[in-house]
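Residues per chain are reported as follows:
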Amino acid sequence: MTQSGRKTQADVALLAGVSQATVSTVLNGGATSVAPDTAARINAAIAELGYRPNRFAQALRTQRTMTLACVVPDLTNPFYPSLFIGVQETAGTAGYDVVAVNTNGDKAREQALVQAATQGLYDGVVGVFFALGARDFTDMVGAGVPLVRIEASRKLGGPLAIDDLYVDNFTAARGSVEALIAAGHRKIAMIAGSGGPEKVRVQGYCSALKAAGLFPSLWEDENFSNEGGRRAAKRLLDAETGITAIVAANDLMAIGAMQVLTAAGLCVPDDVSVVGFDDILAAGLVTPGLCTVSLDQEGLGRRAAQMLLDRVTGKFVGPARVEERPFYVRNRGSCGAARSDAQPI
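All figures in this text were calculated on a predicted structure; none of them were measured in a lab.

Colleague: Whenever I open this one, the overall build of the chain confuses me. Can you help?
Modeller: If you tally the helices and strands in the chain, you get twelve helices and twelve strands. Overall, the C-alpha framework of the chain stretches about 80 × 40 × 30 Å when taken along its three principal axes. Across the 345 residues in the chain, those meeting the buried criterion constitute 47%. Summarising the internal contacts of the chain: among those between residues at least 6 apart in sequence, 68% fall at separations of at least 24. Taken as two groups, the 32 positive and 34 negative side-chain charges of the chain have centres that lie 4 Å from each other.

Colleague: Would you take a moment to explain the sheet that holds strand β8 (residues 245–248) for this structure?
Modeller: Two pairing modes exist for strands in a sheet, parallel and antiparallel, and in both the strands are linked by backbone hydrogen bonds. Spatially, four strands are ordered β7-β6-β8-β9 in an open sheet, and the strand pairing comes out parallel. Looking at the sheet topology across the chains shown, the edges are occupied by β7 (218–220) and β9 (273–275). The mean angle between the axes of side-by-side strands here comes to 20°, regardless of whether they run parallel or antiparallel. Relative to β7, strand β6 (residues 188–192) runs parallel, the two being bridged by three bridges. Residue pairing for β7: Ile191 is matched across the bridge by Trp219. Set on the sheet, helix α9 (residues 198–211) makes contact with β6 and β7; between it and β6 the angle comes to about 175°.

Colleague: Would you take a moment to explain the pattern of salt bridges for this structure?
Modeller: Evaluated as defined, the whole model comprises 16 salt bridges. Residue Asp163 is joined to Arg311 by a salt bridge in which the shortest nitrogen-to-oxygen separation is 2.6 Å. Of this pair, Asp163 sits in strand β5 (residues 163–167) while Arg311 sits in helix α12 (residues 297–312), and the two are 148 residues apart along the sequence. Residues Asp163 and Arg311 agree in their burial class; the two are buried. Among the salt bridges present, the one from Glu178 reaches Arg174, with a minimum N-O distance of 2.8 Å. With a gap of four residues between them, Glu178 and Arg174 both fall in helix α8 (residues 169–182), about one helical turn apart. Among the residues examined, Arg174 registers a relative accessible area of 25% and is labelled partly exposed.

Colleague: I tried to follow unusual backbone geometry on my own but got confused; where do I start?
Modeller: Only a minority of non-glycine residues have a phi that is not negative, and only a minority of peptide bonds are not trans. Cis rather than trans, the peptide bond between Val268 and Pro269 has omega equal to 10°. Looking at the element boundaries, Pro269 is found in the loop between α11 (251–263) and β9. Looking along the chain, the bond that leaves Thr287 and enters Pro288 is cis, with omega of -5°. Looking at where Pro288 falls in the secondary structure, it is placed in the loop between β9 and β10 (292–294). With a phi close to 120°, Asp278 is a non-glycine residue in the positive phi region. Looking at the element boundaries, Asp278 is found in the loop between β9 and β10. What makes Asp278 buried here is its relative accessible area of 5%. Phi angles above zero are rare outside glycine, and Asp296 is one such case at about 50°. Following the sequence through the fold, Asp296 ends up in the loop between β10 and α12.

Colleague: What exactly am I supposed to notice about the nonpolar core here?
Modeller: Of all hydrophobic cores here, the largest spans 72 residues; its most connected members are Val126, Val177, Ile188, Ile191 and Leu300. Considering each element in turn, this core owes the most residues, eight residues, to α11. If sequence neighbours within four positions are ignored, Val177 has contacts with Ile188, Tyr205, Ala208, Leu209 and Val247. Residues Ala69, Phe129, Met140 and Leu147 belong to the second largest nonpolar core, which totals 17 residues.

Colleague: What exactly am I supposed to notice about the sheet that holds strand β4 (residues 147–151) here?
Modeller: Reading across from one edge, β2-β1-β3-β4-β5-β11 is the order of the six strands in this open sheet, with parallel pairing throughout. Here the strands that pair on one side only, and so sit at the sheet edges, are β2 (97–102) and β11 (322–325). Strand after strand, the sheet turns through a mean of 20° between neighbouring axes, direction not considered. Here four bridges tie β4 to β5, and the two strands are oriented parallel to one another. Residue pairing for β5: Arg149 is matched across the bridge by Asp164. Strands in contact with helix α5 (residues 79–93) are β1 (67–72), β2, β3 (124–127) and β4; relative to β2, the strand with the most contacts, it is inclined by about 160°. Sheet strands touched by α12: β1, β3, β4, β5 and β11. Its angle to β5, the strand with the most contacts, is close to 170°.

The rules behind these values
- Residue positions within a chain follow its written sequence, with the count starting from 1.
- With the structure being a predicted model, the display of local features is reserved for residues of pLDDT at least 70 and the display and counting of side-chain atom pairs for 80 or more, all residues being used for whole-chain, interface and lining totals.
- Excluded from the side-chain calculation are hydrogens and water; included are all heavy atoms of the structure.
- Only runs of H or I of at least four residues qualify as helices and only runs of E of at least two qualify as strands under DSSP, and these elements are numbered from the N terminus.
- Accessible area is worked out with a 1.4 Å probe on protein chains only. A residue is then buried under 20% of its type maximum, exposed over 50%, and partly exposed in between.
- A contact between two residues is defined here by any heavy atoms of the two lying within 4.5 Å.
- Think of it this way: Lys and Arg go in the positive column, Asp and Glu in the negative one, and His and the chain ends go nowhere.
- Throughout, a charge is located at the NZ atom of Lys, the CZ atom of Arg, the CG atom of Asp or the CD atom of Glu.
- Here, any two strands with at least 2 DSSP bridges between them count as paired.
- Each axis is a line fitted through C-alpha atoms, taken for helices only over the stretch in contact, and angles between the N-to-C directions span 0 to 180 degrees.
- A carboxyl oxygen of Asp or Glu within 4 Å of a side-chain nitrogen of Lys or Arg is what we treat as a salt bridge.
- Remark: nonpolar core denotes a set of buried residues (Ala, Val, Leu, Ile, Met, Phe, Trp, Tyr, Cys) joined through side-chain atoms within 4.5 Å.

Geometry only, nothing functional implied.
Right under this line is the structure:
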């Protein structure tokens, strides 16, 4: 064993009584292929020696950067940092670093990320793409860089081995509107940003209204921000009367709408109920608390990272996978009680 300086894999192997190759297997995420007691001895030796892998040496030896890219369209939206945390936790446990890449949903930025990954900057890519379709990843996947996309609806697996993880946003949005209808609401408006999950969430809203014989009132803004919600809600109040509920395409827009309603002298939920989407931290902090749909973004991130790591490490080799994740409804004060003044449908 070395007497001074940086500890090596050879030191760990000697203390654990195993080969250096076995130590390398455990360090590179292959602990499941090593006997549990052997892996335990190796981990104990690592802890006792205070061993830290030389990442540069690992990269040269394995031809891996030990780095993943997590792509998000807007890091200022609290939904995405939570998603990133889930990815980072799972990747970090396996010894991988994660770089957050903010694209603003811009096609050129998404393309630049794909090019960087194709050139070997990342071992794998996970995240949300607003502008690129499956064909845009042909070169990247062909270069051996796996991809897991987080989607707002089910995508059919194509010839490329691209994995998709999704929450059924259509059903979630439709269910939110159906709950409002069941509570007696008849004039339900929706405010939505542009791009990303907007399309399927709006479709779910419209589907629920159509089934009930009601008419949509859709107000859109260029983005999903708090200010976007404020702008859309102001236009709604200026143009229509009698609205008793607002469904927002995300929580930031919903909170913006609540601010506008309060400034206009309206009470949430007594005058107008408000429902959001995503269940960001602020949803439980505003007054009244925001009713919303939780997508469990940290859980999404953890599962997406595990799917990616399975491909990066060779644990899974096969065609494209599509996996659905559940959603949950968070009932808080902004929904209010059932309306007693509702007219029959």
